[in-house]
Amino acid sequence: MEVLHDVGSCPRPDGGTVVTIGAYDGVHLGHQAVITAVRARAAAGGMESAVVTFDRHPASVVRPESAPRLLTDLEQKLELLAATGVDRCLVISFDEARSKEPAEEFVREVLVDCLGARVVIVGEDFHFGHQRKGNVALLDEMGQDLGFEVAGLPLVDADGTAGGDQPKASSTAIRHALVEGDLVTANTLLGRPHEVRGRVSHGDHRGRELGFPTANVSVPGDILLPADGIYAGWYERPDGAIFPTAISLGRRPTFYEEAHASLLEAHLLDFEGDLYDEVAKVRFVARLRGEEKFDGVDALVEQIRRDCDDARAILST
């Protein structure tokens, strides 16, 4: 996948492009369904396929006080988009000036002049441009004058079908599921285990003292973590080595009366060595239980042993 960051250096393919636009946070099953349609239409018409997305969530500029935490950072989003097989991704720098750009100007500058759009495929609830005035109807109207077709696709569920009463794949639905501790729904709609990334930092070495050394993973504050609790998952090192892991996410109430933020601690089940300062990828596969306060260290250690056994059993299937 070719990644472009400058609208002024767009290739504008002679054969035209089938384009989709969106924040694409999470690159979940709904996003994947849209991109599948984009690629199919491009292949049928001898055109190229492209995704237009943004370097940050537009809400972080337009309404920073209520902007959602992200399911993926930009690096991970581009990796996931590349895995779909799309030809090109244009990453728009979304700043204050871009937030005030009329939808009509965006269409002409990005879709037509930059990518030579012949077909635009988006979700039927898609909005863009200043004050979100751009929508499928506006795209359709402009497409008639500028020479591109428009298709608005309905939301799909985990089976890739629209309609019915199953949860629909949307970034909002996935965020809600994660916050509620419903990892099954979140991972189902993502189409993979939820993953966070961060650097391993020094902690208070409490896990090592208990016999279960952990990697304290510092996740950026704009990335969404699941609800506090104990999880089974996978830990990937920078060299690609992957280890089964028991994950503790929470405020450690057995030791601390108050904690201002949740701590992500990963105990690699089959590993001995130094992980400090490396960037980790932590994937949440299954929720084992909620966070608890124990009467003493012995009770906590016994529960940690059970958690590790449970994590190993889940991850070995």
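Read on for a plain summary of the structure. These numbers come from a predicted model, not from an experiment.

1. Examining the side chain of Lys-77
No. 1: Its place among the elements puts Lys-77 in helix 3 (residues 74–83).
No. 2: Although buried, Lys-77 forms no salt bridge, and the nearest oppositely charged side chain, Asp-25, lies 6.5 Å from it.
No. 3: For Lys-77, the contacting residues outside a window of four places in its chain are Ala-23, Tyr-24, Val-27, Thr-53, Phe-54 and Thr-72.

2. Some thoughts on the environment of Lys-281
No. 1: Its place among the elements puts Lys-281 in strand 12 (residues 279–289).
No. 2: Through-space distance from the C-alpha of Lys-281 to that of Ala-177 is 21 Å; in sequence the pair is 104 residues apart.
No. 3: When residues no more than four places from it in sequence are discounted, the contact partners of Lys-281 are Glu-79, Glu-195, Val-196, Arg-197, Trp-234, Tyr-235 and Glu-236.

3. Things to note about the sheet that holds strand 2 (residues 17–21)
The pairing of strands in a sheet comes from backbone hydrogen bonds and takes either a parallel or an antiparallel form.
No. 1: Strand order in the open sheet formed by 6 strands is 1-4-3-2-5-6, with parallel pairing between adjacent strands. Two strands in the sheet have a free side with no partner beyond their single neighbour: strand 1 (2–4) and strand 6 (149–153). In this sheet, neighbouring strand axes are inclined to one another by 20 degrees on average, regardless of whether the strands run parallel or antiparallel.

4. Focus on a negative patch on the surface
No. 1: A contiguous patch of negative charge, built from Glu-104, Asp-140, Glu-141 and Asp-145, is present on the exposed surface.
No. 2: The element contributing the most residues to the negative patch is helix 6 (residues 136–146), with 3 residues.
No. 3: Mapping Asp-145 onto the fold places it in helix 6.
No. 4: Residue classification places Asp-145 among the exposed positions, given a relative accessible area of 68%.

5. Looking at helix 1 (residues 29–45)
No. 1: For helix 1, built from 17 residues, the straight-helix expectation of 24 Å at 1.5 Å per residue is met to within 8% by its first-to-last C-alpha distance of 24 Å.
No. 2: Of all the residues in helix 1, the buried ones are Leu-29, Gly-30, His-31, Val-34, Ile-35, Val-38 and Ala-42.
No. 3: Looking one or two residues past helix 1, Gly-46 carries a phi angle of roughly 65 degrees, positive in sign.

6. So, the pairing of strand 3 (residues 48–54)
No. 1: Of all 7 residues in strand 3, 6 are buried, a share of seventy percent or more.
No. 2: Sheet analysis places strand 2 next to strand 3, joined by 5 bridges and oriented parallel. Note on strand 3: the bridge partner recorded for Thr-20 is Val-51.
No. 3: Viewed along the sheet, the connection from strand 2 through helix 1 into strand 3 turns out right-handed.
No. 4: As paired elements, strand 3 and strand 4 (residues 88–92) share 5 bridges and run parallel to each other. Bridged to Ala-50 within strand 4 is Arg-88.

Here is what the cut-offs are and how they apply
- Each chain carries its own residue numbering, running from 1 in the direction its sequence is written.
- Only residues with pLDDT of 70 or above have their local features reported here, since the model is predicted, and side-chain atom pairs are shown and tallied only from 80 upward, although totals for entire chains, interfaces and linings are computed over all residues.
- As a rule here, side-chain values cover all heavy atoms of the structure and leave hydrogens and water aside.
- Put simply, DSSP marks the helices as runs of H or I at least four residues long and the strands as runs of E at least two long, and each gets a number from the N terminus on.
- Relative accessibility decides the category of a residue: with a 1.4 Å probe and only protein chains considered, values under 20% of the type maximum give buried, values over 50% give exposed, and everything between is partly exposed.
- In this tally Asp and Glu are treated as negative and Lys and Arg as positive; neither His nor the chain ends contributes.
- For this analysis, a salt bridge means a side-chain nitrogen from Lys or Arg found within 4 Å of a carboxyl oxygen belonging to Asp or Glu.
- Contacts: residue pairs with any heavy atoms within 4.5 Å of one another.
- In this scheme, strands are said to pair when DSSP sees at least two bridges between them.
- Fitted lines through C-alpha atoms give the axes, limited to the stretch in contact for helices. The angle between two N-to-C directions lies from 0 to 180 degrees.
- Only residues whose relative accessible area exceeds 30% and that form no salt bridge are eligible for patches; like-charged ones are grouped when within 9 Å, while nonpolar side chains (Val, Leu, Ile, Met, Phe, Trp, Tyr) are grouped when within 5 Å.
- For the accessible areas, the method is Shrake-Rupley and the probe is 1.4 Å, while residue cover comes only from the protein chains on display.
- Charge positions are represented by NZ for Lys, CZ for Arg, CG for Asp and CD for Glu.
- The span one expects for a helix is its residue count, reduced by one, times 1.5 Å.
- Handedness is read with the strands pointing away from the viewer; a crossover is right-handed when the path from the first strand over the helix to the second is clockwise.

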